[in-house]
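The residues making up each chain are set out below.
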Amino acid sequence: MRKIIVISLPKGGVGKTTTAVNLAASLAVFEKKTLLIDTDPAGASAILLGLDENLPEHYENIFNIGKSLERIIQKTELEFLDFIPVGAIDPDQFEKSGSFDKKAYLKKLLNNAQLYYDYIIVDSPPHLSKLLRYFYEYSTRIIFPVKSDKFSISSLEKAIKHAGGNDISDDWESGILFTMYEENTIAASLTREKIHEKYGRLVFNTVIPKNTHISESTFYKKPVVLFNAKSNGARAYLNLAREILIRDSICPLIEQVSSTALEKLSDAANVTSVEQNEPNPFASTTKIKFSLHEKTDVRITINDIYKNEIDVLVNNTLNKGRYQVSWTPADSHRGVYFCIFSAGDVQKQKKLIYFPT
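Residues numbered from 1 in each chain as written. Predicted model: local features only at pLDDT ≥ 70, side-chain atom pairs only at ≥ 80, totals over all residues. Heavy atoms only, no water.

(A) Quick peek at the environment of Val86. By the element assignment, Val86 lies in the loop between strand 4 (81–84) and helix 4 (91–94). Residues Val86 and Ser45 lie 41 residues apart in sequence; the distance between their C-alpha atoms is 8.6 Å. (Helix = DSSP H or I, 4+ residues; strand = E, 2+ residues; numbered from the N terminus.)

(B) How the structure looks around the sheet that holds strand 5 (residues 119–123). With respect to topology, 7 strands assemble into an open sheet ordered 3-4-2-5-1-6-7, the strand pairing being mixed. Each having just a single partner strand, strand 3 (74–75) and strand 7 (175–178) make up the two edges of the open sheet. With 3 bridges joining them, strand 1 (residues 3–7) and strand 6 (residues 141–146) adopt parallel strand pairing. Considered in strand 6, the bridge of Ile5 is made with Arg141. Strands strand 1, strand 5 and strand 6 of the sheet are contacted by helix 6 (residues 130–138), whose axis makes an angle of about 140° with strand 1. The strands touched by helix 11 (residues 232–247) within the sheet are strand 1, strand 5, strand 6 and strand 7, with strand 6 carrying the most contacts at an inclination of about 150°. (Pairing = 2+ DSSP bridges. Contact = heavy atoms within 4.5 Å. Axes fitted to C-alpha atoms, helices over the stretch in contact; angles between N-to-C directions.)

(C) Region of interest: the packing of helix 7 (residues 150–162) against helix 8 (residues 186–199). The geometry of helix 7 relative to helix 8 is characterised by a closest axis approach of 11 Å and an angle of 25° between their N-to-C directions. Here helix 7 lies roughly parallel to helix 8, going by the angle between them. Between helix 7 and helix 8 lies a crossing whose hand is right-handed. Across from Ile153, Leu156, Glu157 and Ile160 in helix 7, the residues of helix 8 making contact are Thr191, Lys194, Ile195, Lys198 and Tyr199. (Parallel < 35°, antiparallel > 145°, perpendicular 65-115°, else oblique. Left-handed = near helix turned anticlockwise from the far one by under 90°.)

(D) Fine view of the pairing of strand 11 (residues 296–303). Among the 8 residues of strand 11, 6 are classified as buried, and the element is accordingly described as predominantly covered. Two elements, strand 11 and strand 12 (residues 309–318), share 8 bridges in a ladder whose sense is antiparallel. Of the residues in strand 12, the one forming a bridge with Thr301 is Val312. (Buried < 20%, exposed > 50% of the residue type's maximum accessible area, 1.4 Å probe, protein only.)

(E) How the structure looks around the packing of helix 1 (residues 16–29) against helix 11. The N-to-C vectors of helix 1 and helix 11 enclose an angle of 65°; their axes lie 8 Å apart at closest approach. When the axis of helix 1 is compared with that of helix 11, the two are roughly perpendicular. Considering how the two elements wind past one another, helix 1 and helix 11 form a crossing that is right-handed. Every residue of helix 11 that contacts helix 1 at Thr18, Thr19, Asn22, Leu23, Ser26, Leu27 and Val29 is listed here: Tyr237, Leu238, Leu240, Ala241, Ile244 and Leu245. Looking at the contact of helix 1 with helix 11, its residues break down into 9 nonpolar, 4 polar and no charged. (Nonpolar A, V, L, I, M, F, W, Y, C, P; charged D, E, K, R; others polar.)

Remember that the coordinates give geometry; whether it matters functionally is a separate question.
Below, the structure is given as structure tokens:
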């Protein structure tokens, strides 16, 4: 299934363009045919792609003269990434262009583009507009980049309302992405707490760190993956692309807040002496949260280090919905265990380290 992803938040300085360009480039690195559409009048996407000096001096707005997509698409340094600059689809000219049905025309353009591309990424301006609302309507996912501050939280609420997500359903694919993230700061902690409290299910596992290589790559007019593929910034955007590809795979399992459906473990144990025992030492209850978007056969077991079953938590056909089951070790000794989760053709395995106090 082809995907249209809008990168949007009605606030400047949160990393919308950086995310749009670097996510598009990362999807292209995974050899997914990707089209990046710039709708921000600032036109920064072209600069980050190194195309600003090679673009025509003047574009007739696509809504004025009905140009076909083929005539306005620009090639980039990456084989699987193409680009439509803001001059060809300028939101400032949107309202001034003809009296024809622009909404229907945009839908037709996007439908045509989806014949050739696996992903269409839309970079949006730092304000809400009618054109953006149309992109919201036709998108399969909206990514809201959020910086660690109070203003980003307020803007997020505004954007979700504009996107029609007041009543967020289980099948709403949109997600919240923390950008320019500085671990162990009070602002980051407060922002995460507020957003997880209200929108926890929507938060991407991937976090984009504040990273010098991301900033430096803009001076060299390259996506960070082409500037320094081993940097933390490049790895973060590649992880984001990978997470989206996993979420979009055809399977009955919707992955939640953490990197697997089984990641959310109890933090009841305060065990500082075994910090090297990663991931997630625990001493009491292990909680397993998951969502299904269709009726599915589910089996969840706890296995010992030799993969022998020692406990069966679920072995049943479950309807669509959100679920939580838990495991409290009874006669188990300290050591390594595995929680194995099967849903249809999907199997997930989570390593558990039991360290009783």
